[in-house]
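# Structural description and commentary
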Amino acid sequence: MLRSFSYLTDHPGFCGTIKNSPSDFVVTEIEMPQHVLRDTRPESLDESGEAPLGRSSWCLQQPKKLRTEPPGPCGEGHRGGVPGPSERDPSWARGDFSASPKQNQREGEPELTSDLEEASVLDSLLGKPMSELLDKFACDLKDAWDLESDAGTREFSLGPVLDKKSRAGLHSAVRQRFPFLVTVTKDNEMVVKGNADYRELRRLVTEKETSAFFKFLDAKLEKSTFSFEPDGNKEHRKVVHHFINRKFGKLLETKSFAVTNGNDQQNMSIMVRFREKSSSRKRSACGFQEKQDLYTAFTLQKENLETLEAISFLAAELGVLPSDFSYTGIKDKKAITYQPMVVKKVTPERLKEIGSKMEKKGMKIHNIHATCQHLRLGQLKGNHFEILVRDLKHHSHDSSADLKERISEAMENVKTKGFVNYYGPQRFGQGQSVQTDQIGLALLNEEMVKAVKLFFTPEDTDDPVNNAKRYFLQTEDAKGALVMLPEFKVREKMLLRALNRYGVNHEGCTKGWLNIPHSMRIFYVHAYCSKIWNEAASYRLKIYGSKVVEGDLVFSEENHESISLNDKVHVVTAPEEASNKYSINQVVLPMVGHSIKYPSNKVGQWYHERLSKDELQMCKFRVSPLQLNIPGCYRPILKNVQNLSYFLEGSENGTEIEDTHLNESKVSLHISFDLDSSCYATVCLREIMKCDF
């Protein structure tokens, strides 16, 4: 798939072979920092707990404030302007605000810092002088708000912050210290300004409530809730409900519930919680109660197996569907790979029982334990690779006598400059007679029968799976093919069952595709989109090289939740090209879809011509009959390799070699490196070695 594609670097490279055996290619997933699948199920009340909420409330637990606030910077809690509800009517109870931070903190959540600690964090990040200037800006802004004067245009620059991690830490520290401020990044410069939403809410409730609400919102702790002070004014509660739904409706939901004070007097309060992205809920006697699913987490070690094939084996043995498994990414087949997985509706004990059977199929199951949630695709930091390259030699056109120098030159070049971020050949079904992108194209064109026949195209081998596929294509006898297929071919069997019931026609094939999990259906469409991206990246480098030109797309790191993905993608202007404002490392290319924008230069024109070639010039990138929605995204054209190291070892005794000149037939190259998620080691090796695999 990559043979004719452009390279980034110009060193000669060298030849060698990879994946002579699975142990030559070991992949270990790198989890997200602090990525812990923690138990987020609602806590049950013990006998000494708080009173139940009753039928009109969310069940199981009295809502709590995230924490109480001591008097904050700039005299929080002592402001002018419109009085909040508790200031208008002293008879209103103070709710949970009187509790200590320890009492309000949910078990398992990080302890929140005090104002002094937050100030100290900012001092260390900004330096004392800049931190004091920020304090003054914040206080001046709050004073202007108290006087109801126009402070909407006030901004304060923290100066350029080049390191991305430092920016992220600074964004978080500023928001925790000053919830009424927002931070944005403009071309690496961090700018602070007032939060208009904060100002609007503080006109409705107390300063204390407003500050605590925005800290709750910023923390984004799953299953946490926030309650406003009791409010007996129904019309006022409506206004608060409306404000939260209007500003944060996609993220939060609100509910009024009854509370009782120490004198057994009832009042009403508003509780806020984060919306469930995908929850299964059932109606109970006391309102909505979440239906608890059983999840078991484990680490899957597999050898010489595709990820989906391994899942099919596991699903067949456990009596569940492949869609009951979740994982963060697809791993190489001809390799030894380690990756976390979660299976639904299976106990840890049941999973342990099948361990010995799975070993016979090339799998081992480690670190089995109960958890409370599934994994998501892309929910990983990256992958660590340990690779052995054998049969080292010069390229046929290279007359250099020093192979070790060639290897060193290649390693240092890619370590410094990176590599073109192509999708690897395994994305497309490397070595198969029909590649996954061809099936994806047929699905995008809604050619359902063609897509099915491509899916069942056999390889030229004599085995039960390919014999069953061959029989189906020759006879269209879905029932007969079902009998021939091994049990572990779950996807094929699900599709054939629907074809047997509905027929091998457009309607029947549509229902057949709907019979397999959504993640598998969209996998083929994404493969086609990946192929187009690869071709676009190669074309972009051929015509413009490493120079950033007018019309290129670059990704802005302006970090504000209200900014859409497309707004973060900037089109390079002619003056910016002339001033060399951007580097090639900032250039992105779109993955085709219905919600992306294209470069406004020759590359954009190329996209339109290329889609027309596949009769997709009018494609809306929504396949409604299959419930497929392809909005598109952006992918950096270049990527860097991290923690790259290597050494040469003798094939006879495995010892590291220091000799200047090598006996090629007896030497192998051991390479170790880390890549970000969605990057391919074979693509990085291609850049290093100037070989296609």
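Every chain begins its residue count from 1, and numbering advances along the sequence as written. A pLDDT threshold of at least 70 governs which residues receive local features in this predicted model, and a stricter bar of 80 or more applies before side-chain atom pairs are shown or counted, although totals over entire chains, interfaces and linings include all residues. Side-chain measures here rest on the full set of heavy atoms in the structure, leaving out hydrogens and waters.

So, about the packing of helix α13 (residues 436-444) against helix α19 (residues 518-544). Note on method: axes are straight lines fitted to C-alpha atoms, helices fitted across the in-contact stretch only, with angles between N-to-C directions ranging 0 to 180 degrees. Helix and strand definitions here come from DSSP, where helices need a minimum of 4 consecutive H or I residues and strands a minimum of 2 consecutive E residues; each element is numbered from the N-terminal end. Their axes nearest at 7 Å, the elements α13 and α19 cross at an angle of 105 degrees. Relative to α19, the element α13 lies roughly perpendicular. Contacts between α13 and α19 involve T436, D437, I439, G440, L441, L443 and L444 on the former and, on the latter, R521, F523, Y524, V525, A527, Y528 and K531. An angle below 35 degrees is treated as roughly parallel, one above 145 as roughly antiparallel, one from 65 to 115 as roughly perpendicular, and anything else as oblique. Contacts are assigned to residue pairs with any non-hydrogen atoms lying within 4.5 Å of each other.

Proximity of charged atoms lets side chains of opposite charge pair with each other. Just to be clear on terms, a salt bridge is a Lys or Arg side-chain nitrogen sitting within 4 Å of an Asp or Glu carboxyl oxygen. Overall, the coordinates contain 30 salt bridges when judged by the stated rule. Ionic pairing is found between K357 and E317, a salt bridge with its closest N-O pair at 3.1 Å. Taken together, the positions of K357 in helix α11 (residues 355-359) and E317 in helix α9 (residues 307-318) put the pair 40 residues apart, joining distant regions of the chain. Type-normalised accessible area, obtained with a 1.4 Å probe on protein chains alone, sets the label of each residue: buried when under 20%, exposed when over 50%, and partly exposed for intermediate values. For E317, a relative accessible area of 25% translates into the label partly exposed. Residue K453 pairs with E476 through a salt bridge whose shortest N-O separation is 3.1 Å. Taken together, the residues K453 in helix α14 (residues 448-455) and E476 in the loop between α15 (464-475) and α16 (478-484) connect sequence positions 23 residues apart. Judged by relative accessible area, K453 falls into the partly exposed class, the value being 31%. Taking relative accessible area as the criterion, E476 reaches 38% and is therefore assigned partly exposed.

Quick look at the sheet that holds strand β5 (residues 189-194) now. A sheet is described by the order of its strands in space; here three strands give the open sequence β3-β5-β4, paired in antiparallel fashion. One side of each edge strand has no neighbouring strand; the edge strands of this open sheet are β3 (155-160) and β4 (181-186). Shown here is a sheet whose adjacent strand axes are inclined to one another by a mean of 25 degrees, direction ignored. Strands are treated as partners if at least two bridges between them are detected by DSSP. Pairing geometry for β4 and β5, over six bridges, is antiparallel. Bridge pairing links V182 to K193 in β5. Each of β3, β4 and β5 touches helix α4 (residues 128-146); the most contacted strand, β3, lies at about 160 degrees to it.

Generally speaking, nonpolar side chains in soluble globular proteins are found buried as a group. Formed by 128 residues in total, the largest nonpolar core has its most connected members in F298, W513, Y607 and F673. With residues near it in sequence (within four places) discarded, F298 still touches L314, F325, Q339, P340, M341, V342, V343, L351, I365, H366, N367 and I368. As used here, the term nonpolar core means buried Ala, Val, Leu, Ile, Met, Phe, Trp, Tyr and Cys residues forming a set that is joined through side-chain atoms within 4.5 Å. Among the nonpolar cores identified, the runner-up in size contains 37 residues, and L126, Y198, F213 and F248 belong to it.

If you walk across this open sheet you meet the four strands as β18-β17-β19-β22, and the pairing is antiparallel. Taken across any chain shown, the strands that pair with only one partner, and hence form the sheet edges, are β18 (569-571) and β22 (633-636). Taken pair by pair, the neighbouring strands of this sheet meet at an average axis angle of 50 degrees, ignoring direction. Summarising the sheet, strand β17 (residues 553-555) and strand β19 (residues 587-591) pair through two bridges and their orientation is antiparallel. Note that in β19 the partner of L553 across the bridge is V588. Relative to β19, α19 is tilted by about 145 degrees, and along the sheet it contacts β19 and β22.

Okay, the packing of aromatic side chains next. Planes of paired rings set the category: under 30 degrees apart is stacked, over 60 is edge-to-face and the rest tilted, where pairs are Phe, Tyr or Trp rings (Trp by its six-membered ring) whose centres lie within 6.5 Å. Counted under the stated rule, the structure contains 28 aromatic pairs. Plain terms: the ring middles of F455 and Y524 are 6.1 Å apart, the flat faces sit at 85 degrees to each other, and that makes the pair edge-to-face. Separated by 69 residues along the polypeptide, F455 in helix α14 and Y524 in helix α19 bring together distant segments of the chain. Of the two residues, F455 and Y524, both sit in the buried class. By definition here, charges over rings are those cases where NZ of Lys or CZ of Arg is within 6 Å of the ring centre and within 35 degrees of the ring normal. When the ring centre of F180 is taken as origin, the NZ or CZ atom of K142, which lies over that ring, is 4.1 Å away. It is R635 that lies over the ring of W533; its NZ or CZ is 5.4 Å from the centre.

These figures capture arrangement, not role.
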